Amino acid sequence: MAKENKLTGIQKAAILFITLGPEASAGIIKRLPESEIQKITYEIANITSVSQEQRQEILNEFVVMNQAKDFILEGGLDYARTLLGKALGPQRAKEILEKVTEATQQYRPFAIARKADAHQLMNVIANEHPQTIALILCYLQPDKSGQLLSSLSEEVQSEVAYRIATMSNTSPMVVKEIEKVLDSKLSSVVRSDVAVIGGVDTLVDILNQVDRTTEKNITEVLEREDPELAEKVKESMFVFEDIITLDDVSIQRILREIEVKDLALALKGCSDEVANAIFRNQSKRAAASLKEDMEFLGPVRLMDVEKAQQKIVGVIRRLDEAGEIVLSRGGEDAIIL
């Protein structure tokens, strides 16, 4: 135990990832800042052995600290202190809460809005300024934001979507003020957070959850107002690797529209899962021929691979717009009969 206490936070994180294994750790570590990833991977590379007792201690601490964070978000610091005190004793609870608050320093904003029903939220924000609505949607779950965006009028939808895509840094004071008003309307208290939000990726996450009509209306307006931004959004809506989400009939239809040389080049930079999805939808002869073409290409430039993949994505988007294939979306469009 004394040995474990001498470890730094980075060393504990390294041991935790070793304990969790590569698959589980990959999903966590990719969300960390690049500087933290470098430090942790350095420690992992330099750890030669970890005792079972040490691994268990660190794993237990990780679980308890995450429970503490959840308790704080659910009912505040006093609520977390009460629950942890009953489970671990007052002194241990105090130590855990100090570590959690030291690590985070702030709570996630709009926590109660994330828990609220979309219909209730719609009643609260419907008459707000598009910029205010855009900021709130950036903090909500994409599926909930998609429901809210779909419920707005077409004119407001486009305004809000544009503001989400072009939003970058937002003053914590602005977030806090908007949150305060929303808290008042929702009869709750939520702490504020710093804000680096919005952007194309946030808008794409939301648009992936809305119905086709809403998506089309928003992208058409973006094309008129800001063609370059609209193209970025459309390119991010469906990427080449998403081919694995399509059904076999759709993949077969797409293959009829693609030149073999483009397909061979595109597959040079993809995962085995994507390649296999293509191969299984070809005849054995065609699949064998495609594999030969890929080998014949030899080393290729990444920019050429990406260009070929984007060309195929363009074909997929065209077939989707023509109704010849179906891309999975939120709302009613997610239901396939």
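As shown above, the structure is provided for reference.
Everything quoted here is computed from the prediction, not taken from an experiment.

Caption draft 1: Region of interest: helix α16 (residues 227–237). The complete set of buried residues in α16 reads Leu 229, Ala 230, Val 233, Lys 234 and Met 237. Viewed along the axis of α16, the buried residues span an arc of 135°, placing them on a single side of the element.

Caption draft 2: Broad picture of a nonpolar patch on the surface. A surface patch of nonpolar side chains, amounting to about 270 Å² of accessible area, comprises Leu 20, Ile 28, Phe 62 and Val 63. Within the fold, Phe 62 resides in helix α5 (residues 52–75).

Caption draft 3: Up close: the packing of aromatic side chains. Here the structure, examined in full by the defined rule, presents 0 aromatic pairs. Above the ring of Phe 279, the side-chain terminus of Lys 291 is found at 4.7 Å from the ring centroid.

Caption draft 4: Expanded view of the environment of Asp 262. Summarising the element assignment, Asp 262 is placed in helix α18 (residues 260–267). Separated by 49 residues in the primary sequence, Asp 262 and Lys 311 have C-alpha atoms spaced 8.0 Å apart. When residues no more than four places from it in sequence are discounted, the contact partners of Asp 262 are Ala 308, Lys 311 and Ile 312.

Calculation criteria
- Residues numbered from 1 in each chain as written.
- Predicted model: local features only at pLDDT ≥ 70, side-chain atom pairs only at ≥ 80, totals over all residues.
- Heavy atoms only, no water.
- Buried < 20%, exposed > 50% of the residue type's maximum accessible area, 1.4 Å probe, protein only.
- Helix = DSSP H or I, 4+ residues; strand = E, 2+ residues; numbered from the N terminus.
- Arc of directions from axis to C-beta.
- Patch = residues over 30% accessible without salt bridge, like charges linked within 9 Å, V, L, I, M, F, W, Y side chains within 5 Å.
- Areas by Shrake-Rupley, 256 points an atom, 1.4 Å probe, with all protein chains shown as cover.
- Salt bridge = Lys/Arg side-chain N within 4 Å of Asp/Glu carboxyl O.
- Phe/Tyr/Trp six-rings, centres within 6.5 Å; stacked < 30°, edge-to-face > 60°.
- Lys NZ or Arg CZ within 6 Å of the ring centre and 35° of its normal.
- Contact = heavy atoms within 4.5 Å.

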